[in-house]
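Summary of the model geometry
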Amino acid sequence: MPDLPNMHDAEPIPDAARGEIERLLHSGDLFRYTASEGSPVALLEEEFAAWMGKRFALAVSSCSAALFLSLKALGLPRDARVMIPAFTFAAVPSSIVHADCVPVLCEVDDSYRIDMADFEARLDDVDAVMISHMRGHTSDMDAILRLAAARDIPVIEDAAHSLGTRWNGQLVGTLGAVGCFSFQSYKMLNGGEGGILLTDDADLIARAVILSGAYEHNWKKHPVLHEAFAKWQNKLPLYNLRMSNLSAAVIRPQLDELDRRVANGRRNHDHVADLLRRSPWIDVPSALPKEERAPDSLQFSLTGMDDASVDAFVEVARTMGVTIQVFGRSTDNARAFWNWEFLGPAPDLPKTRQMLSRACDCRLPARLTLEDCDAVADVILSAIDHVMQQPVQATA
Ligand SMILES: *Cc1c(COP(=O)(O)O)cnc(C)c1O
């Protein structure tokens with residue numbers, strides 16, 4: 001069997017970051033609002049907004065902070081109900097709790113996407129929706145935006161894992177009232193930690209900027225219509241969720257890598273997906289027709305296997321060198337909604353529960369070669385074969 005690639009490490013930070021970091025270390029100018037203009041954080045906001053084709057961006061300490069600020073900037077009152085898909089990361093309902101709002105979970109189907117019938121059934125009873133494009137899988141955004149607009153319900157996009165994904169040719173994270181992205185190390189742009197919020201709404205960005213900690217007249221350093229700010233001065237709390245110049249200096253040169261990472265991530269994902277689809281025990285849900293994905297990981301579902309076989313498969317793959325987690329079977333998985341005990345008793349969501357009990361998660365970084373990808377697919381297919389003791393279809 002060929003050597004397996006390192007599937008965990010991030011890509012090196014581009015050398016272009018070094019000069020700027022050296023300059024920051026030398027000057028000690030790490031705070032975004034010290035310089036009167038052109039701080040690395042301000043430049044990142046400008047460049048990211050331009051790349052995404054949006055008017056305004058606000059860089060913050062994490063995507064969770066961006067989600068929290070979105071809810072606050074939308075003016076949602078205490079106990080407002082915010083719908084999220086039940087398949088997401090625990091930080092997403094947590095951001096809603098942090099904003100004094102109440103998460104409402106909706107069902108997700110076997111394709112990892114929002115069950116639109118359940119979404120619509122719950123919609124009259126919520127004040128906002130936060131569409132978490134979990135692992136970059138996009139739900140039917142046309143229907144979601146239409147149904148929400150008809151009720152005047154704002155749509156926040158959690159695009160933490162969707163940077164570069166397109167819906168109908170338009171970048172995911174630019175479709176709703178606000179889009180939020182993550183720069184945590186496992187995402188497409190790696191700042192260690194960090195996040196960014198995007199919107200075309202001048203009043204909303206003004207509130208978010210102040211809430212994020214632009215105290216006194218620091219909002220004047222944002223290229224936003226200043227009328228929008230003056231009326232919010234001193235009217236909003238300062239949560240201090242700003243980004244440091246060091247993080248921005250690490251992230252900015254990676255914007256030049258984004259097209260390559262998106263293209264190679266998709267190439268790798270689709271290559272392995274095609275190989276895995278030869279197994280009768282594996283279902284790799286297809287992208288929706290309007291969706292063009294930018295994956296940096298692979299999800300596939302085991303079909304026709306009992307719990308013991310699923311667990312045995314994970315163990316065999318692990319001994320062969322590939323780490324796979326089944327969301328609903330690994331202990332304390334933060335993406336299994338019944339582990340979100342901080343929300344109280346878990347709701348009854350049988351479709352999502354069933355999906356999570358068979359859905360496998362495997363890292364597949366964009367830097368892997370197709371040869372690396374073949375080796376990974378080989379392990380997965382051999383592990384299944386070993387457990388089910390039935391040879392998978394021979395290579396075509
Ligand atoms: C990573 C991630 C988050 C959280 O991002 P942070 O920057 O770590 O707060 C939220 N939602 C999804 C879908 C994610 O993948």
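Summarised in this report is the structure supplied together with it. Note that the structure is predicted; figures quoted are calculated from it, not measured.

Conventions we followed
- Residues numbered from 1 in each chain as written.
- Predicted model: local features only at pLDDT ≥ 70, side-chain atom pairs only at ≥ 80, totals over all residues.
- Heavy atoms only, no water.
- Core = buried A, V, L, I, M, F, W, Y, C linked by side-chain atoms within 4.5 Å.
- Buried < 20%, exposed > 50% of the residue type's maximum accessible area, 1.4 Å probe, protein only.
- Contact = heavy atoms within 4.5 Å.
- Helix = DSSP H or I, 4+ residues; strand = E, 2+ residues; numbered from the N terminus.
- Polar contact = N/O pair within 3.5 Å; in protein donor to acceptor, adjacent residues only side chain to side chain.
- Pairing = 2+ DSSP bridges.
- Axes fitted to C-alpha atoms, helices over the stretch in contact; angles between N-to-C directions.
- Phe/Tyr/Trp six-rings, centres within 6.5 Å; stacked < 30°, edge-to-face > 60°.
- Lys NZ or Arg CZ within 6 Å of the ring centre and 35° of its normal.
- Salt bridge = Lys/Arg side-chain N within 4 Å of Asp/Glu carboxyl O.
- Right-handed = clockwise from strand over helix to strand, strands pointing away.
- Near = heavy atom within 4 Å.
- Areas by Shrake-Rupley, 256 points an atom, 1.4 Å probe, with all protein chains shown as cover.
- Nonpolar A, V, L, I, M, F, W, Y, C, P; charged D, E, K, R; others polar.

**Some words on the nonpolar core**
General note: in soluble globular proteins, nonpolar side chains tend to be found buried as a group. Among the nonpolar cores identified, the biggest contains 56 residues, and Leu-69, Leu-71, Val-82, Phe-87, Met-130 and Val-209 are the most heavily contacted of them. With near-sequence residues (within four places) excluded, Leu-69 lies in contact with Leu-58, Val-60, Leu-197, Ala-208, Leu-211, Ser-212, Tyr-239 and Leu-241. Counting residues in hydrophobic clusters, the runner-up holds 43 residues, among them Met-83, Ile-114, Met-141 and Leu-171.

**Some remarks on the environment of Asn-6**
Along the polypeptide, Asn-6 turns up in the segment before α1 (17-27). Relative accessible area serves as the criterion here: at 38%, Asn-6 is assigned to the partly exposed category. One polar contact links the side chain of Asn-6 to the main-chain amide nitrogen of His-8, over a distance of 2.8 Å.

**Some thoughts on the sheet that holds strand β1 (residues 56-60)**
Within the open sheet, the seven strands sit side by side as β1-β9-β8-β5-β4-β2-β3. Their pairing is mixed. Edge strands, defined here as strands with exactly one partner in the open sheet, are β1 and β3 (102-106). When strand polarity is set aside, the average angle formed by the axes of neighbouring strands in this sheet is 20°. Of the strand pairs in this sheet, strand β8 (residues 178-182) and strand β9 (residues 195-199) are connected by four bridges, and their pairing is antiparallel. The partner of Gly-179 across the bridge, within β9, is Leu-198. Across the sheet, helix α2 (residues 40-52) is in contact with β1, β8 and β9; its angle to β1 comes to roughly 130°. Of the strands in this sheet, β2 (81-85), β3 and β4 (128-132) touch helix α5 (residues 116-123), which is tilted by about 145° from β3.

**A few points about the packing of aromatic side chains**
Enumeration according to the criterion identifies nine aromatic pairs in this entry. Arranged with centres 5.0 Å apart and planes meeting at 70°, the rings of Phe-87 and Phe-327 form a pair that is edge-to-face. Of this pair, Phe-87 sits in the loop between β2 and α4 (91-98) while Phe-327 is found in the loop between β13 (325-326) and α12 (350-356), placing the two residues 240 residues apart along the sequence. The class for Phe-87 is buried, based on a relative accessible area of 1%. Of the residues examined, Phe-327 reaches a relative accessible area of 1% and is grouped as buried. Taken together through their ring pairs, the aromatic side chains of Phe-48, Phe-181 and Phe-183 make up a single cluster. Above the plane of the ring of Tyr-186 lies Arg-363, whose end atom (NZ or CZ) is 4.8 Å from the centre.

**Concerning the pattern of salt bridges**
Under the defined criterion, the tally for this structure stands at 26 salt bridges. With a shortest N-O distance of 2.7 Å, Arg-151 and Asp-124 are connected by a salt bridge. Of this pair, Arg-151 sits in the loop between α6 (141-150) and β5 (155-158) while Asp-124 sits in the loop between α5 and β4, and the two are 27 residues apart along the sequence. Using a relative accessible area of 28% as the deciding quantity, one classes Arg-151 as partly exposed.

**A closer look at the pairing of β5**
Burial of the side chains of β5 extends over both faces: Val-155 and Glu-157 are buried on one face and Ile-156 and Asp-158 on the other. With four bridges connecting them, β4 and β5 associate as parallel partners. In the sheet register, Ile-131 faces β5, and the bridge partner there is Glu-157. Viewed along the sheet, the connection from β4 through α6 into β5 turns out right-handed. Direction of pairing for β5 relative to β8: parallel, over a ladder of three bridges. Looking across to β8, one finds that Ile-156 is bridged to Val-178.

**Considering the sheet that holds strand β7 (residues 170-171)**
Overall, antiparallel pairing links the three strands, which are arranged β7-β6-β11 in an open sheet. Both edges of this open sheet fall to β7 and β11 (291-292), since each of them pairs with a single strand only. As paired strands, strand β6 (residues 166-167) and β7 are joined by two bridges and run antiparallel to one another. When the sheet's bridge partners are listed, Trp-167 is paired in β7 with Gln-170.

**Side note on the site of the ligand**
Taken together, Ser-62, Cys-63, Ser-64, Val-92, Ser-132, Asp-158, Ala-160, His-161, Ser-182, Gln-184, Lys-187 and Gly-194 make up the full set of residues near the ligand. Within the contact set of the ligand, an oxygen atom lies 2.8 Å away from a backbone nitrogen or oxygen of Cys-63. Here Ser-182 contributes a side-chain N or O atom positioned 2.7 Å from an oxygen atom of the ligand. Surface burial for the ligand is 92%, taken as the share of its 380 Å² of free accessible area covered by protein chains. Class assignment of the residues belonging to the shell around the ligand gives a composition of three nonpolar, seven polar and two charged.

Spatial relationships are all this shows, so hold off on functional conclusions.
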